[in-house]
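Given next are the chains, with one letter for each unit.
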Amino acid sequence: METIEPQLLRVLLAVRDGGSISRAAAALGYSQPAVSQLLARAEQRLGHDLVLRGGRGATLTESGRVLADHALHVEAALAAAREDLDAVGGLARGRVRLAGFPSASSTLVPPVLAAMAESSPGVVTSYVEAEPPEAIDLVRRGEADVALTFSHAFTQDDSAADQTLSIRVLGRDPLALVTASRPELPGGVADLAAFREARWIGGCPRCRGHLLASCAASGFTPEIVLETDNAAAVVGLVAAGLGVALLPRLALTATVIPPGVVVTPADDALARRVEVVVARGADRVPSVRAALDAVRGVSHLLG
C-alpha cells in the first residue's frame, strides 16, 4: 500500500481553496514547479488523477477531493502529537485561534479568553470576529481552531452535514421584538403578525433569512427597509420611530436601551441555537480541548 504524505494533503487542500497550482504554491511558500512535480509523482505512485489542470486554473478530481477532505484531520492529529510530546517534555505552550459572531464578542468571548488566560497561560489565544458562514469557512480552511456560531430552526445550511466538522450546541439565545411603543401582548409574548404593516430593520444575511421565515410563519412578509449588523444602531433606529426589529438576547445584553424603546420576548420557538464548531478530531489537540472547556464554561450565559 502506497504511503500518503501529509505534504500531499496540504497541497491538495491549497489547490482546492486557491483554484490553481500557482496560488497553492504561493500559499504554501513553495515554487510552482515544485508543487507540479509533487502532484505528478503522487498521481503516478497512487495510480489516481488528483488534479484537473486547465488554462484558467486547476480543480480537484473526485480522488483529489477525497484526500483533501482528510487534510484537516491529519493536521489536527499532527498538532495533537506535537503538543502531547511537548507536554511529556514538561513544556506548557500551544496556540489556539478563535472566531465568533459579533454579539458573542462582548458577551461570551471575554469570559472565554479570561478562562484560557487563567487555566492555560502558556497557550497563545487569538480572536477574530466573523459571522457564522465566514467563521465556519475559517475552520474549514484551518485558519481558525474554534468557532462560535449560531443557527435557527427555520433556516439550515450545509455545515450540519459536513463530515469534516464537529458541531456542538452550547445553548439557546432567545429573541425579542424591539419596538418604540408597547404592543398588545396576550401572555407577554410578542405577536409578530400585529406588526405586519410596520417597517422592519434587518440584520446579517442569516438573521434576515430567519426574520423572513419567522414572519412567514405568522402569515406575512415583512417590509425590510433598513439593514445593519450593529445592535446599538438597530435600537437607535427603533427609538427614532424608523422601524421594528427582532434582536437576540446576547445583542441586547450589551446594548443600552433608551427610554421609549420596548423589548418584548418573542416566541420561544424562534430562539437561535448557539454552537461551537471545530474540525473533526481537533479536540484531541490539548490547546483546542482547553478552549472547548472554556467555551462550555460560559454556556450558563445562554438559555
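Up top is the structure these notes are about.
Described below are features of the structure shown in this document. (Residues numbered from 1 in each chain as written. Predicted model: local features only at pLDDT ≥ 70, side-chain atom pairs only at ≥ 80, totals over all residues. Heavy atoms only, no water.)

Our focus in this paragraph is helix H10 (residues 231–239). Looking at H10, one finds that the buried residues are Ala231, Val234, Val235 and Val238. Seen along its axis, H10 keeps its buried residues to an arc of 95°; they face one direction. Of the surrounding elements, those touching the buried residues of H10 are strand E7 (175–179), strand E8 (199–202), strand E10 (245–248) and helix H11 (249–253). Backbone nitrogen of Ala232 and a side-chain oxygen of the N-cap are separated by 2.9 Å at the start of H10; the cap is Asn230. (Buried < 20%, exposed > 50% of the residue type's maximum accessible area, 1.4 Å probe, protein only. Helix = DSSP H or I, 4+ residues; strand = E, 2+ residues; numbered from the N terminus. Arc of directions from axis to C-beta. Contact = heavy atoms within 4.5 Å. Polar contact = N/O pair within 3.5 Å; in protein donor to acceptor, adjacent residues only side chain to side chain.)

As a further point, take the sheet that holds E10. Across the sheet, which stays open at both edges, the 3 strands sit in the order E10-E7-E11 with antiparallel pairing between neighbours. Two strands in the sheet have a free side with no partner beyond their single neighbour: E10 and strand E11 (262–265). The mean inter-strand angle of the sheet, taken between neighbouring strand axes irrespective of direction, is 35°. H10 contacts E7 and E10 of the sheet and is inclined by roughly 145° relative to E10. (Pairing = 2+ DSSP bridges. Axes fitted to C-alpha atoms, helices over the stretch in contact; angles between N-to-C directions.)

The next thing to look at is the pattern of salt bridges. Pairing is possible between side chains of opposite charge, provided their charged atoms come close. Applying the stated criterion across every chain yields a total of 12 salt bridges. Between Arg97 and Asp145 there is a salt bridge, with the nearest N and O atoms lying 3.1 Å from each other. Here Arg97 is found in strand E3 (residues 94–100), whereas its partner Asp145 is found in the loop between helix H8 (132–140) and strand E5 (146–151), with 48 residues between them in sequence. This pair shows no difference in class: Arg97 is buried, exactly as Asp145 is. For Asp173, the salt bridge is made with Arg272, and the minimal N-O distance between the two is 2.9 Å. Within this pair, whereas Asp173 is found in strand E6 (residues 165–173), its partner Arg272 is found in strand E12 (residues 272–279), the two being separated by 99 residues in sequence. A single burial state applies to Asp173 and to Arg272, both of which are buried. (Salt bridge = Lys/Arg side-chain N within 4 Å of Asp/Glu carboxyl O.)

What follows covers the nonpolar core. Where a protein is soluble and globular, its nonpolar side chains tend to be buried together. Counting 64 residues, the largest nonpolar core has Leu12, Val146 and Leu148 as its most contacted members. The element best represented in this core is helix H1 (residues 6–18), accounting for 7 residues. (Core = buried A, V, L, I, M, F, W, Y, C linked by side-chain atoms within 4.5 Å.)

Two quantities define a packed helix pair, namely the angle between the helix axes and the distance between the axes. Running from N to C, helix H2 (residues 21–28) and helix H3 (residues 32–46) point in directions that differ by 110°, and their axes come no closer than 8 Å. It follows that H2 is roughly perpendicular to H3 by the angle criterion. Taken together, the residues of H3 that come into contact with H2 (itself represented by Ile21, Ser22 and Ala25) are Gln32, Val35, Ser36 and Leu39. When the residues that make up the contact of H2 with H3 are grouped by side-chain class, the tally is 4 nonpolar, 3 polar and no charged. (Parallel < 35°, antiparallel > 145°, perpendicular 65-115°, else oblique. Nonpolar A, V, L, I, M, F, W, Y, C, P; charged D, E, K, R; others polar.)

The next thing to look at is the layout of surface pockets. Taken as a whole, the largest pocket holds about 780 Å³ of empty space. Contributing to the lining of the largest pocket are 31 residues, with Glu75, Arg95, Arg97, Gly142 and Asp145 lying nearest its centre. Among the elements of the structure, H1, H2, helix H5 (71–88), E3 and helix H12 (286–296) are those that each provide at least two residues to the lining of the largest pocket. Among the elements that take part in the lining of the largest pocket, H5 stands out by supplying 7 residues, more than any other. When its residues are assigned to classes, the lining of the largest pocket shows 14 nonpolar, 4 polar and 13 charged. The computed volume of the second largest pocket comes to approximately 500 Å³. (1 Å grid on protein atoms, 1.4 Å probe; cavity = no way out; pocket = protein on both sides within 12 Å on 5 of 7 lines; lining within 4 Å. Points joined across faces, edges and corners; volume = space filled by probe spheres on them.)

To continue, consider the sheet that holds E5. On the basis of which strands lie adjacent, the open sheet formed by 5 strands has the order E4-E3-E5-E12-E6 and mixed pairing. Where the open sheet ends on each side, the last strands, each with one partner, are strand E4 (123–129) and E6. Strand-to-strand twist across the sheet, computed as the mean angle between neighbouring axes with direction ignored, equals 25°. Bridge analysis of E3 against E4 gives 7 bridges, and the strand direction is parallel. When the sheet's bridge partners are listed, Arg95 is paired in E4 with Val124. Packed on one face of the sheet, helix H7 (residues 109–119) meets E3, E4 and E5 and runs near 170° to E4. Packing of H8 onto the sheet brings it into contact with E3, E4, E5, E6 and E12, and relative to E5 it is tilted by some 145°.

By themselves, these observations are geometric and do not establish any function.
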